[in-house]
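Chains, contacts and geometry: an overview
The residues making up each chain are set out below.
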Protein chains: 2
Amino acid sequence: MSKGWFTPAAEALRASAVGPVASFDPESTPGFDGDKESGSELLASRGQDLADLQELLYANGRSGDHRSVLLVLQGMDTAGKGGIVRHVGGLVDPQGLSIKGFGKPTPEELQHDFLWRIHKALPPAGRIGIFDRSHYEDVLPVRVHNLVPKAEWEKRYDIINQFESELVAGGTTIIKCCLVVSKDEQKARLAERLDRPDKYWKYNPGDIDERAHWDAYLEAYQDIFELTDKDSAPWFVIPANRKWFARLAVCELLTTTLAGLELDWPEADFDVEAEKKRLAASD
Amino acid sequence: MSKGWFTPAAEALRASAVGPVASFDPESTPGFDGDKESGSELLASRGQDLADLQELLYANGRSGDHRSVLLVLQGMDTAGKGGIVRHVGGLVDPQGLSIKGFGKPTPEELQHDFLWRIHKALPPAGRIGIFDRSHYEDVLPVRVHNLVPKAEWEKRYDIINQFESELVAGGTTIIKCCLVVSKDEQKARLAERLDRPDKYWKYNPGDIDERAHWDAYLEAYQDIFELTDKDSAPWFVIPANRKWFARLAVCELLTTTLAGLELDWPEADFDVEAEKKRLAASD
């Protein structure tokens, strides 16, 4: 018997189900009782489901349906956000993806409200948008480093909820995944980047400085989960010490989200039989 | 002995090598003596090379190198441009791609010169840009349907050459691939779209009307090959009746193009030993 999800990922990993992030186990595999090998097999088969569903979404987008899906990825440095984009995003047709990474805001972005750059990067109809970091940065490093006054960042949770509920009303299905690594695992991953010349480019000395604020980040994440985890825009907490599990979990969440749209192939907007005749009569 | 390329793809498929497009055989596999099975195996292994090279390009782009690669795809309707994006683009990390499809110009685009929308879509440093159709549309349907006076489209070949040579000077390596299907194969592919409800969304009644202009399109392509096939921005003509070969050929051209950049992993822009000590001293 193949092992797999004994609790649906969307239940087992929901932020409201997993308890405080400070005591969350990044080695665990909530809801899943398989191992790395069975996880890889399942990823391949669910990846095919995901690719099929993505094509359906794209086909509908091309046919006037304005729905889209937005996957928000957050997590500490080295948590594996880029790996998710590569290995889960890589399962589908790249034409169906709209990928955007959010770094430190540019001077131009800083002259606008914090959602300005987010709006500009929203996925078009029929696409799966992936945000590698997002508007949540504005209540994470911005909060931890006091980049704006507390009175300002405190208001942002409501602003974000309002923004996301407008997106949902407009046809975007949102899922938010926070990848959680342990502080020791982060240290090991940073050490690997320093040991391998082919990984130097991923290393940023600032990442070590951020480690000193680990607990403040966990508090900031906890507030995010308590204030912005809505049924219409849920947060999932993904243990990410085991990369294979993080990829499997995000793939499963994305696949079930797309399946939940219950899409069919678009109807023909032309007369099929008449077109068959025209084609047959063509040279 | 494994079969494969007996002439490098970049030689065998170069527009200047293949002769007039009107007598080109879309069933052929120039330079390659393997079959579909050996082609699939080769695609998998060259795909891994491509993925490795793409990561190198991306790493360099993230480290201050401004180079990029631009793959221009052209071809008649149903020639398989979208399949190339999916099956060749899908071989690499989607974060490293910058994909843009060019349809009928929007009213806003029509208020600018024909390269305006092209400039806006150029790949950022470190990316592989893929154009599904391109500025060459402005000397294809625009020419065939007299959408601008002849005196205007005639000037565009020089303008395009100038534009592309500026791109190359700026660090973008350009390869241009034209997928060529036979008129009969196009008919069969359109028929399939009309036979399968999961393909209706790809069907456009206008595609049948375009078939009446087949020879005019071939002439327009021939002029493109004669006027804009430069060593610095070469055109390749890809027989596309066999999808497996078209994918293998474009993958091979892209892989050898990236290999030709002779990229190395970026040097560390920090003191590796000092960072190792800082990390070791961190909690």
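Report on the accompanying structure.

About the criteria used
- Residues numbered from 1 in each chain as written.
- Chains lettered and ligands numbered in written order.
- Predicted model: local features only at pLDDT ≥ 70, side-chain atom pairs only at ≥ 80, totals over all residues.
- Heavy atoms only, no water.
- Phe/Tyr/Trp six-rings, centres within 6.5 Å; stacked < 30°, edge-to-face > 60°.
- Helix = DSSP H or I, 4+ residues; strand = E, 2+ residues; numbered from the N terminus.
- Buried < 20%, exposed > 50% of the residue type's maximum accessible area, 1.4 Å probe, protein only.
- Salt bridge = Lys/Arg side-chain N within 4 Å of Asp/Glu carboxyl O.
- Polar contact = N/O pair within 3.5 Å; in protein donor to acceptor, adjacent residues only side chain to side chain.
- Contact = heavy atoms within 4.5 Å.
- Least-squares fit on C-alpha atoms with pLDDT ≥ 70 in both.
- Pairing = 2+ DSSP bridges.
- Axes fitted to C-alpha atoms, helices over the stretch in contact; angles between N-to-C directions.
- Expected span 1.5 Å × (residues − 1).
- Arc of directions from axis to C-beta.
- Buried area = accessible area lost by both parts, 1.4 Å probe.
- Nonpolar A, V, L, I, M, F, W, Y, C, P; charged D, E, K, R; others polar.

Okay, the packing of aromatic side chains next. Evaluated as defined, the whole model comprises 26 aromatic pairs over all chains. Taking 4.8 Å as the distance between ring centres and 50° as the angle between the ring planes, the aromatic pair formed by Phe270 of chain A and Tyr203 of chain B counts as tilted. Taken as a pair, Phe270 of chain A in the loop between helix 12 (243–260) and helix 13 (272–281) and Tyr203 of chain B in the loop between helix 9 (183–195) and helix 10 (206–211) lie in two separate chains rather than in one. When its relative accessible area of 5% is taken as the criterion, Tyr203 of chain B is described as buried. A centroid spacing of 6.5 Å and a plane angle of 85° characterise the contact between Trp153 of chain B and Tyr157 of chain B, whose relative ring orientation is edge-to-face.

Tallied over the entire structure, the rule returns 46 salt bridges over all chains. Notably, a salt bridge pairs Glu192 of chain A with Arg196 of chain A, separated by 3.1 Å at the nearest N-O pair. Among the salt bridges present, the one from Glu185 of chain B reaches Arg189 of chain B, with a minimum N-O distance of 2.8 Å. Here the residue Glu185 of chain B and the residue Arg189 of chain B both occupy positions in helix 9, the gap between them amounting to 4 residues, near one helical turn.

Residues and elements named next belong to chain B. Mapped onto the fold, Asn161 is located in helix 8 (residues 150–169). The class for Asn161 is buried, based on a relative accessible area of 17%. Here Leu227 takes part through its backbone oxygen, which lies 2.9 Å from a polar atom of the side chain of Asn161. Setting aside residues no more than four positions away along its own chain, Asn161 makes contact with Leu227, Thr228 and Lys230.

Moving on to the relation of the copies chain A and chain B. Between chain A and chain B, which share one sequence, the superposing operator has a rotation angle of 180° and an axial displacement of 0.0 Å; the RMSD is 0.0 Å. On this basis, the relationship between the two copies can be described by a two-fold rotation axis. A share of 100% of the interface residues of chain A reappears at the interface of chain B, consistent with the copies meeting face to face through the same patch.

Residues and elements named next belong to chain B. Ordered in space as 2-3-1-4-5, the 5 strands form an open sheet in which the pairing is parallel. Taken across any chain shown, the strands that pair with only one partner, and hence form the sheet edges, are strand 2 (97–101) and strand 5 (235–239). Strand-to-strand twist across the sheet, computed as the mean angle between neighbouring axes with direction ignored, equals 20°. Here helix 8 sits on the sheet and contacts strand 1 (68–75) and strand 4 (172–180); the angle it forms with strand 4, its principal contact strand, is near 135°.

Attention shifts here to the side chain of Ser98 of chain A. Looking at the secondary structure, you find Ser98 of chain A in strand 2 (residues 97–101). Sequence-distant contacts of Ser98 of chain A, that is, excluding residues within four places in its chain, are made with Ala121, Pro123, Pro124, Arg127, Ile128, Gly129 and Ile130 of chain A.

Before going further, it helps to spend a moment on helix 9 of chain B. For the α-helix, the turn length of 3.6 residues means that residues three or four positions removed from each other point alike. Residues and elements named next belong to chain B. In a regular helix each residue adds 1.5 Å, so 13 residues correspond to 18 Å; helix 9 covers 18 Å between its end C-alpha atoms and thus fits that length. When helix 9 is considered as a whole, its buried residues turn out to be Gln186, Arg189, Leu190, Arg193 and Leu194. Axial view of helix 9: buried residues confined to an arc of 145°, hence all on one face. Facing away from the buried side of helix 9 by over 90 degrees, the exposed positions are Asp184 and Asp195.

Taken together, the 45 residues of chain A in the interface contact 45 residues of chain B. With both chains or domains summed, chain A and chain B bury close to 4,100 Å², and 62% of this area falls on carbon and sulfur atoms. Between the two partners, chain A and chain B, sit 8 salt bridges. There are 18 residue pairs in polar contact (both at pLDDT 80 or more) connecting chain A and chain B. Within the side of chain A that touches chain B, the residues separate by chemical class into 23 nonpolar, 6 polar and 16 charged.

Attention now moves to the sheet that holds strand 4 (residues 172–180) of chain A. Residues and elements named next belong to chain A. Ordered in space as 2-3-1-4-5, the 5 strands form an open sheet in which the pairing is parallel. Each end of this open sheet is capped by a strand with a single partner; those strands are strand 2 and strand 5 (235–239). Within this sheet the neighbouring strands show an average axis-to-axis angle of 20°, counted without direction. Two elements, strand 1 (residues 68–75) and strand 4, share 8 bridges in a ladder whose sense is parallel.

Once that is clear, we can look at the environment of Arg211 of chain B. Looking at the secondary structure, you find Arg211 of chain B in helix 10. Judged by relative accessible area, Arg211 of chain B falls into the buried class, the value being 2%. Counting along the chain gives 24 residues from Arg211 of chain B to Lys187 of chain B, while the straight-line C-alpha distance between them is 9.0 Å. Leaving out residues up to four positions away in the same chain, Arg211 of chain B has contacts with Leu279, Ser282 and Asp283 of chain A together with Lys183, Gln186, Lys187 and Leu190 of chain B.

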